[in-house]
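The chain contents come next:
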Amino acid sequence: MLNQKDPIRSEESYAVRSAKPRQKPFVLWRELIPAYLSPAIMASIGGIVTADKVLQLRALTTIGGASLLMALVIGLWLRNRGSCRRWVTKAPRVIVVGCFSLAGAMLGLMASWGISNMLHIVNPSLSWIWLDHVGFDFPLSGALACTIMTWRWRASFTK
């Protein structure tokens, strides 16, 4: 039996714990939820305040959906190859998030340009009502998704 008052023996009975809290691992499905909900809720609030039914519908489809898709793509890249790239792990968080945000906006702009041109080629006589707003929704959603995903990835990676 160990003597609790003996300083030499008392170390054996208690485990030594670190003062730092443990890091939460980067779980992709858990990070996709705020990447979809944040832009969708903010756009829905704007649609409710202005009584714009089209904005309320776009909030759940083109704004939230594009954000979710972009967050999935960037999250998969960060999880698989992000820690291998030195500039992503060593540069200050604000610079990395800014670079990924600009890249997300550019990818969203290219996607909106491609979709609008492809739909006009497929059926030029049909007027796509929501196509007018895709040029704004996709780049904004891409930038928001990349910002949220990269910020949360770096928070779980470097603490």
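Rules used throughout
- Residues numbered from 1 in each chain as written.
- Predicted model: local features only at pLDDT ≥ 70, side-chain atom pairs only at ≥ 80, totals over all residues.
- Heavy atoms only, no water.
- Axes fitted to C-alpha atoms, helices over the stretch in contact; angles between N-to-C directions.
- Helix = DSSP H or I, 4+ residues; strand = E, 2+ residues; numbered from the N terminus.
- Parallel < 35°, antiparallel > 145°, perpendicular 65-115°, else oblique.
- Left-handed = near helix turned anticlockwise from the far one by under 90°.
- Contact = heavy atoms within 4.5 Å.
- Nonpolar A, V, L, I, M, F, W, Y, C, P; charged D, E, K, R; others polar.
- Patch = residues over 30% accessible without salt bridge, like charges linked within 9 Å, V, L, I, M, F, W, Y side chains within 5 Å.
- Areas by Shrake-Rupley, 256 points an atom, 1.4 Å probe, with all protein chains shown as cover.
- Salt bridge = Lys/Arg side-chain N within 4 Å of Asp/Glu carboxyl O.
- Core = buried A, V, L, I, M, F, W, Y, C linked by side-chain atoms within 4.5 Å.
- Buried < 20%, exposed > 50% of the residue type's maximum accessible area, 1.4 Å probe, protein only.

Draft legend 1. Inspection of the packing of helix H3 (residues 53-81) against helix H5 (residues 93-122) at higher detail. Running from N to C, H3 and H5 point in directions that differ by 135 degrees, and their axes come no closer than 11 Å. Taken together, the axis directions place H3 and H5 in an arrangement best described as oblique. Relative to H5, H3 is oriented so that their crossing is right-handed. Here Met70, Ile74, Trp77 and Leu78 of H3 lie close against H5, whose contacting residues are Phe100, Gly104, Leu107 and Gly108. Its residues assigned to classes, the contact of H3 with H5 comprises 6 nonpolar, 2 polar and no charged.

Draft legend 2. Quick look at a nonpolar patch on the surface. A grouping of Trp29, Ile33, Leu37, Ile41, Met42, Ile45 and Val49 is seen on the molecular surface, where their side chains present a nonpolar patch of about 750 Å² in accessible area. In this fold, isoleucine 33 is placed in helix H2 (residues 28-50).

Draft legend 3. Fine view of the nonpolar core. Of all hydrophobic cores here, the largest spans 16 residues; its most connected members are Ala71, Ile74, Leu78, Val88, Phe100 and Met149. Of all the secondary-structure elements, those providing two or more residues to this core are H2, H3, H5 and helix H6 (131-157). Looking at this core, the element that brings in the most residues is H6, giving 5 residues. Counting residues in each nonpolar core, the second largest holds 5 residues, with Ala66, Leu119, Leu131 and Phe138 among its members.

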